[in-house]
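Here are the chains, one letter per residue:
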Amino acid sequence: LTYAAAADRYENVPYRRSGNSGLDLPAFSFGLWQKFGTDYAFATQREIILHAFDLGITHFDNADRYGPPHRAAQKTFGAVLAKDLAPYRDELILSTKAGNPIGPSPYLTGGSRKSILTSLEHSLRDLGTDYVDIFYHHRPDLSTPLEESVGALVSAVQQGKALYIGISNYLPDRTHEAVELLRQAGVPLLIHQARYSIYDRRPEQNGLLDTAHQDGFGLIVYSPLAQGLLTDKYLETIPAGARAQNSTFLSPEVIDETYRQRTSELNKIAAARGQSLAQLALQWVLRRPEVTSALIGASSTEQLDHNIAALDFPALTDEELALIEEHGVH
Ligand code: NDP
């Protein structure tokens, strides 16, 4: 069947400016970390990707590492791009990342110029595109001079293979150093990708949110639902097919009595607002102006519909935020 994008796709999610740049991203971006490898049906994966685009989610996040096996998720996206989304390439913000290990070779990991630019070549091939919109260094590599890693990212832009540069999982000090180096090279840092949710406050505690404000880059926050822990699905049991059951990245051991107590308190705050915990958790990350986009995953189109409805609810009040603080923090 030939795909035609929904005519009303730009009426669903707001778009937010990334830092001091000129680029707007959807309040919700979609990531292909889990369930987009060869272990799930392509038809479902395609349906979810196209549904996201129909909802106005223009930004799709990938990495050479996502699968299984590594590189498979971007091949999945590449297949959908070739089959359905090619006419819309100019309306898409595609990102990928280099630097997490994808093989035993020393040139398939880390922050060397060799690794970063080799990874980008692989990713462009997998995605079937000449350029990505955002190219990230996936994690800091303290054994490589920052000048070398940043220099490789700058080269990607100069070669026309990336429009913007991002970094991920960098702590504030190294982030600031990267900002300075990139500025000197005339390629400002667009965005930082960091984990942030009611259950992970590090960007508040370590000063990353302040650095984003001061240095003028945006934040795109990953796992805003703590991989599904900030939904009501694990309150009673671990449902079949859920990530805590089938991914090595979310251990069922975290779903203990303490987790259930905290989460059911948060669930009550959401219920009092007439919404779900997932919706509350997403509104919570987006309450911060430094956060450009909440980077979500989904294993069904229903989850996507449900989650983007978060912004139909009124903003969280100071009283509600205080209650969340009381129950959400360890
Ligand atoms: P989330 O915290 O949004 O978790 C998404 C998962 O939660 C879904 O796949 C689904 O899992 C479950 N879920 C979502 N909505 C609902 C709902 N309404 N009800 C019940 N369950 C729901 O984000 P992710 O952890 O998936 O991360 C998002 C993206 O962030 C990744 O795809 C990747 O692009 C990026 N990322 C970046 C990292 C980095 O180092 N830079 C690291 C990790 C992620 P299920 O149904 O399978 O249980």
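Here, every reference points to the structure presented above.
The rules we used
- Residues numbered from 1 in each chain as written.
- Predicted model: local features only at pLDDT ≥ 70, side-chain atom pairs only at ≥ 80, totals over all residues.
- Heavy atoms only, no water.
- Helix = DSSP H or I, 4+ residues; strand = E, 2+ residues; numbered from the N terminus.
- Expected span 1.5 Å × (residues − 1).
- Buried < 20%, exposed > 50% of the residue type's maximum accessible area, 1.4 Å probe, protein only.
- Contact = heavy atoms within 4.5 Å.
- Near = heavy atom within 4 Å.
- Polar contact = N/O pair within 3.5 Å; in protein donor to acceptor, adjacent residues only side chain to side chain.
- Areas by Shrake-Rupley, 256 points an atom, 1.4 Å probe, with all protein chains shown as cover.
- 1 Å grid on protein atoms, 1.4 Å probe; cavity = no way out; pocket = protein on both sides within 12 Å on 5 of 7 lines; lining within 4 Å.
- Sits in = over half its atoms within 2 Å of the grid points.
- Salt bridge = Lys/Arg side-chain N within 4 Å of Asp/Glu carboxyl O.
- Points joined across faces, edges and corners; volume = space filled by probe spheres on them.
- Core = buried A, V, L, I, M, F, W, Y, C linked by side-chain atoms within 4.5 Å.
- Pairing = 2+ DSSP bridges.
- Axes fitted to C-alpha atoms, helices over the stretch in contact; angles between N-to-C directions.
- Phe/Tyr/Trp six-rings, centres within 6.5 Å; stacked < 30°, edge-to-face > 60°.
- Right-handed = clockwise from strand over helix to strand, strands pointing away.

1. As for helix H2 (residues 72-85)
(1) Moving on: Over its 14 residues, H2 runs 18 Å from end to end, which matches the ideal 20 Å to within 8%, given 1.5 Å per residue.
(2) Moving on: H2 sits mainly inside the fold: 10 of its 14 residues count as buried.
(3) Moving on: Turning to H2, the residues buried within the fold contact helix H1 (42-54), strand E4 (59-61), strand E5 (93-98) and helix H3 (113-127).

2. Notes on the site of the ligand
(1) Moving on: Inspection of the region around the ligand gives 31 residues, with Lys35, Asp61, Lys233, Arg243 and Ser299 positioned closest.
(2) Moving on: For the ligand, an oxygen atom lies 3.4 Å from a polar atom in the side chain of His138.
(3) Moving on: At 2.7 Å from an oxygen atom of the ligand is found a side-chain nitrogen or oxygen belonging to Arg243.
(4) Moving on: For the ligand, whose free accessible area comes to 920 Å², the fraction covered by protein is 93%.
(5) Moving on: Applying the majority rule of atoms within 2 Å of the grid points places the ligand in the largest pocket.
(6) Moving on: Going through the elements one at a time, strand E10 (291-296) and helix H11 (301-308) are the ones with two or more residues in the shell around the ligand.
(7) Moving on: The biggest single contributor to the shell around the ligand is H11, with 3 residues.

3. Comments concerning the pattern of salt bridges
(1) Moving on: Evaluation of the coordinates by the stated rule reveals 16 salt bridges.
(2) Moving on: Of the charged contacts in the structure, one is a salt bridge between Arg17 and Asp24, with a shortest N-O distance of 2.6 Å.
(3) Moving on: The class for Asp24 is partly exposed, based on a relative accessible area of 34%.
(4) Moving on: A salt bridge links Lys268 to Glu265; its shortest N-O distance comes to 3.3 Å. Note that Lys268 and Glu265 are positioned in helix H9 (residues 257-272) at a spacing of 3 residues, about one turn of the helix.
(5) Moving on: On the basis of relative accessibility, which here comes to 28%, the residue Glu265 falls in the partly exposed class.
(6) Moving on: One network of salt bridges, with partners in common, ties together Arg201, Glu204, Arg287 and Glu325.

4. Overview of the side chain of Ser247
(1) Moving on: Along the polypeptide, Ser247 turns up in the loop between helix H8 (243-246) and H9.
(2) Moving on: Note on Ser247: relative accessible area 12%, which makes it buried.

5. So, the layout of surface pockets
One simple way to see leftover space: roll a probe sized like a water molecule over the atoms.
(1) Moving on: There is about 1,200 Å³ of room inside the largest pocket.
(2) Moving on: The wall of the largest pocket is formed by 50 residues, among which Trp33, Gln34, Gln227, Arg243 and Gly297 lie closest to the centre.
(3) Moving on: Counting residues per element, the ones that place at least two in the lining of the largest pocket are strand E8 (189-195), H8, helix H10 (277-286), E10 and H11.
(4) Moving on: In terms of residue count, H11 provides more of the lining of the largest pocket than any other element does, 3 residues in total.

6. Describing the nonpolar core
Side chains of nonpolar character tend, in soluble globular proteins, to be buried together.
(1) Moving on: Counting residues in each nonpolar core, the largest one holds 89 residues, and the members touching the most others are Phe28, Phe60, Leu85 and Phe135.
(2) Moving on: If we skip the residues at most four places from it in the chain, Phe28 touches Val13, Ile57, Leu282, Leu286, Ser293, Ala294, Ile296, Asn307, Ile308, Ala310 and Leu311.

7. Some words on the sheet that holds E4
(1) Moving on: Ordered in space as E3-E4-E5-E6-E7-E8-E9-E10, the 8 strands form a closed barrel in which the pairing is parallel. Each adjacent strand pair in this sheet contributes to an overall mean axis angle of 30°, direction not counted.
(2) Moving on: Pairing analysis gives 4 bridges linking E5 to strand E6 (residues 132-137), with the strands arranged parallel. The residue of E6 that forms the bridge with Thr96 is Phe135.
(3) Moving on: Across the sheet, H10 is in contact with strand E3 (28-31), strand E9 (218-222) and E10; its angle to E10 comes to roughly 150°.

8. Focus: the packing of aromatic side chains
(1) Moving on: Tallying each qualifying case throughout the model produces 9 aromatic pairs.
(2) Moving on: An aromatic cluster is built from Phe30, Phe36, Phe60 and Phe77, whose rings are joined through pairwise contacts.

9. With respect to the environment of Ala194
(1) Moving on: Locating Ala194 in the fold gives a position in strand E8.
(2) Moving on: Not counting the four nearest positions on each side in its chain, Ala194 is found in contact with Leu208, Ile220, Val221 and Tyr222.

10. Regarding the pairing of E5
(1) Moving on: Counting buried positions along E5 gives 6 out of 6 residues, so the element sits mostly inside the fold.
(2) Moving on: Burial of E5 is two-sided: the residues Ile93, Ser95 and Lys97 facing one way and the residues Leu94, Thr96 and Ala98 facing the other way are all buried.
(3) Moving on: Note that E4 and E5 share 3 bridges and pair parallel. Residue pairing for E5: Phe60 is matched across the bridge by Leu94.
(4) Moving on: A crossover links E4 with its parallel partner E5, the connecting element being H2, and its sense is right-handed.
(5) Moving on: Running through H3, the crossover from E5 to the neighbouring parallel element E6 is right-handed.

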